[in-house]
Amino acid sequence: EAGVVQSPRYKIIEKKQPVAFWCNPISGHNTLYWYLQNLGQGPELLIRYENEEAVDDSQLPKDRFSAERLKGVDSTLKIQPAELGDSAVYLCASSFTPGHIQYFGAGTRLSVL
Amino acid sequence: TQLLEQSPQFLSIQEGENLTVYCNSSSVFSSLQWYRQEPGEGPVLLVTVVTGGEVKKLKRLTFQFGDARKDSSLHITAAQPGDTGLYLCAGTSNTGKLIFGQGTTLQVKP
């Protein structure tokens, strides 16, 4: 069974440019998470989806970040415009339900120059 | 706000040595998990502890959950270079959110 798939794996952009990350969760997992991870630190939750509904987006900087999960399966996280401080790894995870084990993708490493 | 403090942040040891990583909080968690993350990969779950005082063993790794469910420890016996990585503890908050500690970067030198 395929795990959580994220693309791209790496992205280098100039500041003020837009960028988008894509995540395909494990089949059958209703809950999807986007995390931000700075180098050598633990992941921090940005947003959690239950099917297509964002149920926890309190940590998402809504002035420049947006996310969608239109059909309740795959999801896109967007930053527009990107800032230097956005350089980090963006991790996607999924679980069967909120209380179940979260499985993580390999992440997208973003470098903003 | 529920926080998890991990210590030490960095650990560099020789192959064969033992080590312990600590994860502490002033808050109670319904469960606590330990993850291991290698460079360029996402965290991978090692174990979940649920009951206060619980001890779980995974080969050379021993995990313990504090009696009050506020802290946990990970002990590695006879560390090997393959144990190198970022070790993360994460607690399930009272709202169901997974809260991560800042991680412990372990380097085991041959």
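Preceding this paragraph is the structure being described.
Residues numbered from 1 in each chain as written. Chains lettered and ligands numbered in written order. Predicted model: local features only at pLDDT ≥ 70, side-chain atom pairs only at ≥ 80, totals over all residues. Heavy atoms only, no water.

Enquirer: Got a sec to walk through the sheet that holds strand E7 (residues 61-65) of chain B? Specific residues and values, please.
Expert: Sheet strands pair by backbone hydrogen bonding; their relative direction is either parallel or antiparallel. All names here are of chain B. Taken in spatial order, the five strands make up an open sheet running E1-E3-E8-E7-E6, and their pairing is antiparallel. Each edge of the sheet is formed by a strand with only one pairing partner; in this case those strands are strand E1 (5-7) and strand E6 (55-58). Each adjacent strand pair in this sheet contributes to an overall mean axis angle of 15 degrees, direction not counted. Relative to strand E8 (residues 71-76), E7 is paired through five bridges, and the arrangement is antiparallel. (Pairing = 2+ DSSP bridges. Helix = DSSP H or I, 4+ residues; strand = E, 2+ residues; numbered from the N terminus. Axes fitted to C-alpha atoms, helices over the stretch in contact; angles between N-to-C directions.)

Enquirer: How would you sum up the pairing of strand E4 (residues 31-37) of chain A? Please name residues and give values.
Expert: Residue and element names in this part refer to chain A. E4 sits mainly inside the fold: seven of its seven residues count as buried. Side chains of E4 alternate between two faces, with Thr 31, Tyr 33, Tyr 35 and Gln 37 and Leu 32, Trp 34 and Leu 36 buried alike. Where E4 and strand E5 (residues 44-50) come together, six bridges link them in antiparallel fashion. Note on E5: the bridge partner recorded for Tyr 33 is Arg 48. (Buried < 20%, exposed > 50% of the residue type's maximum accessible area, 1.4 Å probe, protein only.)

Enquirer: Describe the state of the cysteines, naming the residues involved and giving the relevant values.
Expert: Residues and elements named next belong to chain A. In total, this model carries two disulfides over all chains according to the counting rule given. Between the sulfur atoms of Cys 23 and its disulfide mate Cys 92 the distance is 1.9 Å. With the S-S bond torsion at -70 degrees, the cross-link from Cys 23 to Cys 92 turns out left-handed. One end of the pair, Cys 23, is in strand E3 (residues 19-24); the other, Cys 92, is in strand E9 (residues 88-95), and 69 residues separate them in sequence. Grouping residues by exposure puts Cys 23 and Cys 92 together as buried. (Disulfide = S-S within 2.5 Å.)

Enquirer: Give a description of the side chain of Gln 6 of chain B that names residues and reports values.
Expert: Residue and element names in this part refer to chain B. On the secondary structure map, Gln 6 appears in strand E1. We classify Gln 6 as buried; its relative accessible area is 4%. Of note is the side chain of Gln 6, whose polar atom sits 3.0 Å from the backbone nitrogen of Cys 89. Leave out the neighbours within four places in its chain, and Gln 6 touches Val 21, Tyr 22, Cys 23, Trp 34, Tyr 87, Leu 88, Cys 89, Gly 101, Gln 102, Gly 103 and Thr 104. (Polar contact = N/O pair within 3.5 Å; in protein donor to acceptor, adjacent residues only side chain to side chain. Contact = heavy atoms within 4.5 Å.)

Enquirer: Any details on the interface of chain B and chain A? Residues and values, ideally.
Expert: A common way to state how big an interface is: give the accessible area lost once the parts meet. Taken residue by residue, the interface counts 16 residues in chain B and 18 residues in chain A. When chain B packs against chain A, the two sides together hide about 1300 Å² of surface, and 51% of this comes from carbon and sulfur. If you sort the residues of chain B by the area they bury against chain A, Pro 43, Lys 97 and Phe 100 of chain B come out on top, with a joint share of 32%. Linking chain B to chain A there are one salt bridge. In this structure, Lys 97 of chain B engages Asp 56 of chain A in a salt bridge whose closest nitrogen and oxygen atoms are separated by 3.4 Å. Only strand E4 (31-37), strand E9 (85-92) and strand E10 (98-100) of chain B provide two or more residues apiece to the side of chain B that touches chain A. Residue composition of the side of chain B that touches chain A, by class: seven nonpolar, seven polar and two charged. (Buried area = accessible area lost by both parts, 1.4 Å probe. Salt bridge = Lys/Arg side-chain N within 4 Å of Asp/Glu carboxyl O. Nonpolar A, V, L, I, M, F, W, Y, C, P; charged D, E, K, R; others polar.)

Enquirer: Explain the pattern of salt bridges to me, using residue names and the numbers behind them.
Expert: All names here are of chain A. Counting across every chain of the model gives eight salt bridges over all chains. Measuring nitrogen to oxygen at the nearest pair gives 3.3 Å for the salt bridge that ties Glu 83 to Arg 64. Of this pair, Glu 83 sits in the loop between strand E8 (75-79) and E9 while Arg 64 is found in the loop between strand E6 (53-56) and strand E7 (65-68), placing the two residues 19 residues apart along the sequence. Linked through salt bridges whose partners overlap, the residues forming this network are Arg 64, Glu 83 and Asp 86.

Geometric descriptors of this kind do not, in isolation, establish any biological role.
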